[in-house]
Amino acid sequence: MSTAASPESATPYGTLPPAAVPALRKPVSLPRLADMHARGEKITMLTAYDATFAAMADAAGVECLLVGDSVGMVCQGLPSTVGVTLDTMRYHTESVSRGVRRVQGTAWVIADLPFGSYQQSREQALASATVLMQAGAHMVKLEGGGWTADTVRFLVERGIPVCAHLGLTPQTVHALGGYRVQGRDEAAAALLRQHALELQDAGASMLVLEMVPAALAAALTQELARCATIGIGAGRGTAGQVLVLHDMLGIHLGKVPRFVRNFMAGSAGIAQALEAYVRAVKDGSFPDDSLHAW
Ligand code: KIV
């Protein structure tokens, strides 16, 4: 990695165009994300698991880096996210956070509370969230609706920003019967809406909507004024978008979900692909109508 570059563009991984140098941008914060949401500016999010990719995504202008428990499937070769431990999440959160800080980065770091680290009690959730916040996260994410609202309120009241996650919740893949679209029929859509409103009331400031029909995701986005929806396989009507980093770079071992676009196609390299993702989310050209989960 070259460090011989002009002062304003020197990064641990080479030279960047001045506009992409994080030091020239304002750090992403909760009020800034709320402001983007209120103004209708699309929020960009990608998963990140290590320092180098985190620094590159940050430099490309990705506002939120999600240290997803997808790390289990992407990096550890696990069959699902169920086997990911809190210690694994701590390790990757530290790595991502170091990557962001190394380039005086601006990104907002979100860490997944893994399966089994928050279901027992609110106190267990607080202890697990503390580990991830001390590892460098700015926010934690947890999956599911209903009983989770109480846990979300408990964490938010104690100063821990929370991102919720509804729709296809990979930690409960066995209970859901596979990776399939959620909220398709009227009753399921009504329950999802009820859970979303409860999570907003509990203080969740972001909500990932994974693999839900576009019309439902768009309607929820309109209804949730205090909680920014981030879609994945949920159409273009959400307040922001997230993808698994490796998927959007075309790095995978098998089938990718049909809502994924390979941003390496037509890009000269990884930095350009990351910038293309940011542009496409911001201008609304990703996802297009052919890129959905159903
Ligand atoms: O773990 C993860 O990568 C996620 C995203 C798919 C939203 O939760």
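Below or above, wherever it landed, is the structure these notes cover. (Residues numbered from 1 in each chain as written. Predicted model: local features only at pLDDT ≥ 70, side-chain atom pairs only at ≥ 80, totals over all residues. Heavy atoms only, no water.)

**A look at the layout of surface pockets**
- Volume-wise, the largest pocket comes out at about 1100 Å³.
- Of all elements in the fold, only helix 3 (71-74), strand 6 (139-143), strand 8 (206-210) and helix 10 (245-248) reach the threshold of two or more residues within the lining of the largest pocket.
- Here the residues of the lining of the largest pocket are counted per class, giving 20 nonpolar, nine polar and nine charged.
- Estimates place the volume of the second largest pocket at around 350 Å³.
- Surrounding the second largest pocket, 19 residues form its lining, Gly144, Gly145, Gly167, Thr169 and Leu176 being those nearest its centre.
- Contributions of two or more residues to the lining of the second largest pocket are made by strand 7 (162-167) and helix 8 (186-202).
- Here the lining of the second largest pocket takes four residues from helix 8, the largest share from any one element. (1 Å grid on protein atoms, 1.4 Å probe; cavity = no way out; pocket = protein on both sides within 12 Å on 5 of 7 lines; lining within 4 Å. Points joined across faces, edges and corners; volume = space filled by probe spheres on them. Helix = DSSP H or I, 4+ residues; strand = E, 2+ residues; numbered from the N terminus. Nonpolar A, V, L, I, M, F, W, Y, C, P; charged D, E, K, R; others polar.)

**What about helix 1 (residues 30-39)?**
- Buried residues of helix 1: Leu33, Met36 and His37, and no others. Within helix 1, the buried residues cover an arc of 100° as seen down the axis, which keeps them to one side. Structural note: helix 1 exposes Pro31, Ala38 and Arg39 on the side pointing more than 90 degrees away from its buried face.
- Against strand 3 (43-47), strand 4 (64-67), strand 5 (108-112), strand 8, strand 9 (228-232) and helix 11 (270-282) lie the buried residues of helix 1. (Buried < 20%, exposed > 50% of the residue type's maximum accessible area, 1.4 Å probe, protein only. Arc of directions from axis to C-beta. Contact = heavy atoms within 4.5 Å.)

**With respect to the pattern of salt bridges**
- Taken as a whole and assessed by the stated rule, the structure comprises 13 salt bridges.
- The residue arginine 261 makes a salt bridge to aspartate 288 at a minimum N-O spacing of 3.5 Å. One end of the pair, arginine 261, is in the loop between helix 10 and helix 11; the other, aspartate 288, is in the segment after helix 11, with 27 residues separating them in the sequence.
- Relative accessible area serves as the criterion here: at 23%, arginine 261 is assigned to the partly exposed category.
- Through salt bridges with shared partners, a single network forms among Asp35, Arg39, Glu41, Glu63 and Lys282. (Salt bridge = Lys/Arg side-chain N within 4 Å of Asp/Glu carboxyl O.)

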